[in-house]
Each structure stands twice: as C-alpha cells, then as structure tokens.
Amino acid sequence: MENVLVERKFRQSLRKGNFVKQQQQAKIRVLYGQNDSFHKRLMKRSFDLLLALFTTVFVLSWLFPIIGVLIKLDSKGPVFFKQLRHGRGNKVFNCYKFRTMVKNKEADTRQATQNDSRITRVGKFLRKSSLDELPQIINVLLGDMSIVGPRPHAVPMNLEFAKEIGGFMQRHRVKPGITGLAQCKGFRGEILNFQELYSRYRLDSFYVKKWCLLFDIRIVIHTAFSLMSKNEKAY
C-alpha cells in the first residue's frame, strides 16, 4: 500500500520524480536570529498561558455552551472531536476540536473537501469561521500545544508526508500551534497539491528556526486580520 493516503489525496505518488522543481516560495524578511533558550521558551509559555486564560474567562466561558448546544441540536454525536496528532519531540497527543462532521471512519485519513457531505450545517459555519479550533485552548493549557506553531496533521497523514519530504518531522522541534506562519500567509484548509504542502513545510521550517515572542505576537495579529477576510479554502 505504497503512499495510499497521499495518493488518495493528490491522485499521484509523491516520489522524488514528482517533486515540484520550482517551488513557489514566500518572500519573508528575516526578522529574528536563530537562537533557542530557556528564557525564550519561558516567555513563550507565559504568553500562551496568559492568552489562553484570558480567552477561557472572557470568551470560552459563554461561547462554549452556545456552540455545544447548537452542535447537539444539529446532529447526533459528541460535542468534541479528538484526534491523535504529533506534538513537540514527535510525541503523540489528543488534539481537541468541536465536532463538525457526522461520525465517519475516514476522519483520520481524509481531509475535508469543498461540499464535503460529512460536514454538518453547524460544522460548515464553525469551519468557515475557524471556531472549530477553539477547544485547542484546552491543549494549550495542558501544555500539548502553543498559541503559535506549525499546525499538526493527523498522525496517518503526517507519517506519509514524512516519507516524501526530508526533515519533515523537524517541524516538531517546537510545540504545534492553533495558528502558525503558514496559516497567516493564507495556507488554510485542504491541501490540493504537493506545492501547497511543500510551501507550508517551508514556512513551518522558517518559523521553527526563527521563533520568538515578538514573532508569535506578529503572527497572532496577522491571523486575526486574515480571519476577517474571505478565504475560499476555509471549508
């Protein structure tokens, strides 16, 4: 079953012969030097906890019950959906989201597509607005995720991608994030081709090398603005 999951998605085997030779690379100005330290990690964790606690008290405390009721009224099943994903150091953890689909056996191996019949009516709104990701604040509080970092993929897809891109798992040198550099640059939702996948990988790699608190704050601000703009890939 060579590259079954990847072939199902891209309709082709992602061997070296199929690599896009001239990748479209985002022109990103290098803002920060590469240096990892206990001080930087402490600052990042403090920022994560501060923002997560603020969001929990002033947003999630009243928004969670409303979304939960709407999900239960719309379709049968649990309010939350959990999926195994890779965290820092490639350790597996349960990533939480609001359930946006009917129960199905392909949740871990098939990404959501446009007009996907598995997506519920409430789920469509949650995915379009990215509100389905809010429960990942729980992951941040537990220490599994950060506010900013490379977006984690479902474990089966992650392992397939790692076979095709050298150093792919190096994305996990830092904690995965609710948002990331790739997302604020417009790479959201379904991956339609290898070029999109590789572009996300390049942006994630750049972030891993250059991350710092100021970079995180800038990405959060960019993400907020991008969420207010129309994104055809948000489905």
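All values reported here derive from a predicted model rather than from experimental measurement.

A. Structural view of the packing of helix 7 (residues 194-210) against helix 8 (residues 213-228). Remark: helix 7 packs on helix 8, axes separated minimally by 9 Å, with the N-to-C direction vectors making an angle of 140°. In this structure, helix 7 contributes F206, Y207 and K210 to the contact, and helix 8 contributes F215, D216 and I219. Considered class by class, the residues forming the contact of helix 7 with helix 8 number four nonpolar, no polar and two charged.

B. Layout of helix 2 (residues 38-74). In this model helix 2 runs just 46 Å from its N-terminal to its C-terminal C-alpha over 37 residues, more than 12% under the 54 Å that 1.5 Å per residue would give. The largest bend along helix 2 measures about 55° and falls at L60.

C. The pattern of salt bridges, seen in detail. Tallying each qualifying case throughout the model produces ten salt bridges. K44 is paired through a salt bridge with D216; the nearest N and O atoms lie 2.5 Å apart. Of this pair, K44 sits in helix 2 while D216 sits in helix 8, and the two are 172 residues apart along the sequence. Residue K44 shares its accessibility class with D216, and that shared class is buried. Residues R118 and D116 are paired through a salt bridge, measuring 2.8 Å at the closest nitrogen-oxygen approach. On the accessibility criterion, D116 (7% relative accessible area) is buried.

D. Examining a nonpolar patch on the surface more closely. Residues L214, I217, I221, F225 and M228 make up a contiguous nonpolar surface patch of roughly 530 Å² in combined accessible area. Structurally, M228 is set in helix 8.

E. Main features of the side chain of H86. Relative to the assigned elements, H86 resides in strand 1 (residues 80-86). Setting aside its immediate chain neighbours within four residues, H86 contacts K91, V92, F93, P152, H153, V155, N158, L159, M169, H172 and P176.

F. Fine view of the packing of aromatic side chains. In total, this model carries ten aromatic pairs according to the counting rule given. An angle of 40° between the planes, with centres 4.8 Å apart, marks the rings of F54 and F58 as tilted. One end of the pair, F54, and the other, F58, are both in helix 2, four residues apart, so they sit about a helical turn from each other. For F58, a relative accessible area of 52% puts it in the exposed group. A centroid spacing of 5.5 Å and a plane angle of 15° characterise the contact between F80 and F98, whose relative ring orientation is stacked. You can see F80 sitting in strand 1 and its partner F98 sitting in strand 2 (residues 92-98), a full 18 residues away along the chain. Since its relative accessible area comes to 36%, F80 is described here as partly exposed. Judged by its relative accessible area of 2%, F98 is buried. Three or more aromatic residues joined by ring pairs form one cluster here, namely F161, F168, F194, Y198 and Y201. One Lys or Arg, K40, reaches over the ring of W211 and ends 4.6 Å from the middle of that ring.

G. Main features of the pairing of strand 2. Two elements, strand 1 and strand 2, share seven bridges in a ladder whose sense is antiparallel. Residue pairing in the sheet places L84 in a bridge with N94 of strand 2.

H. Looking closely at the environment of H172. In this structure, H172 sits in the loop between helix 5 (155-164) and strand 4 (177-179). Taking the relative accessible area as the measure of exposure, H172 reaches 3% and is therefore buried. The sequence separation of H172 and G87 amounts to 85 residues, and the corresponding C-alpha distance is 6.2 Å. In contact with H172, other than residues within four places in its own chain, are H86, G87, R88, G89, N90 and N158.

I. Structural context of the side chain of D132. The residue D132 is located in the loop between helix 3 (121-129) and helix 4 (136-142) in this model. Here the side chain of D132 touches K97 through a polar contact of 3.3 Å, side chain to side chain. With residues near it in sequence (within four places) discarded, D132 still touches K97, F98, T100, L126 and R127.

J. The arrangement of the nonpolar core in detail. Counting 32 residues, the largest nonpolar core has I71, F98, I147, L181, Y207, F215 and I219 as the members making the most contacts within it. Those elements that provide at least two residues to this core are helix 2, strand 2, helix 3, helix 4, strand 3 (146-148), helix 6 (181-184), helix 7 and helix 8. Sort the elements by how many residues they give to this core and helix 2 lands first, with seven residues. I165, I191, F194 and L197 belong to the second largest nonpolar core, which has ten residues in total.

About the criteria used
Residues numbered from 1 in each chain as written. Predicted model: local features only at pLDDT ≥ 70, side-chain atom pairs only at ≥ 80, totals over all residues. Heavy atoms only, no water. Axes fitted to C-alpha atoms, helices over the stretch in contact; angles between N-to-C directions. Helix = DSSP H or I, 4+ residues; strand = E, 2+ residues; numbered from the N terminus. Contact = heavy atoms within 4.5 Å. Nonpolar A, V, L, I, M, F, W, Y, C, P; charged D, E, K, R; others polar. Expected span 1.5 Å × (residues − 1). Bend = angle between axes of the 7 residues up to and from the residue. Salt bridge = Lys/Arg side-chain N within 4 Å of Asp/Glu carboxyl O. Buried < 20%, exposed > 50% of the residue type's maximum accessible area, 1.4 Å probe, protein only. Patch = residues over 30% accessible without salt bridge, like charges linked within 9 Å, V, L, I, M, F, W, Y side chains within 5 Å. Areas by Shrake-Rupley, 256 points an atom, 1.4 Å probe, with all protein chains shown as cover. Phe/Tyr/Trp six-rings, centres within 6.5 Å; stacked < 30°, edge-to-face > 60°. Lys NZ or Arg CZ within 6 Å of the ring centre and 35° of its normal. Pairing = 2+ DSSP bridges. Polar contact = N/O pair within 3.5 Å; in protein donor to acceptor, adjacent residues only side chain to side chain. Core = buried A, V, L, I, M, F, W, Y, C linked by side-chain atoms within 4.5 Å.

The quantities given are spatial measurements derived from coordinates; they are silent on function.
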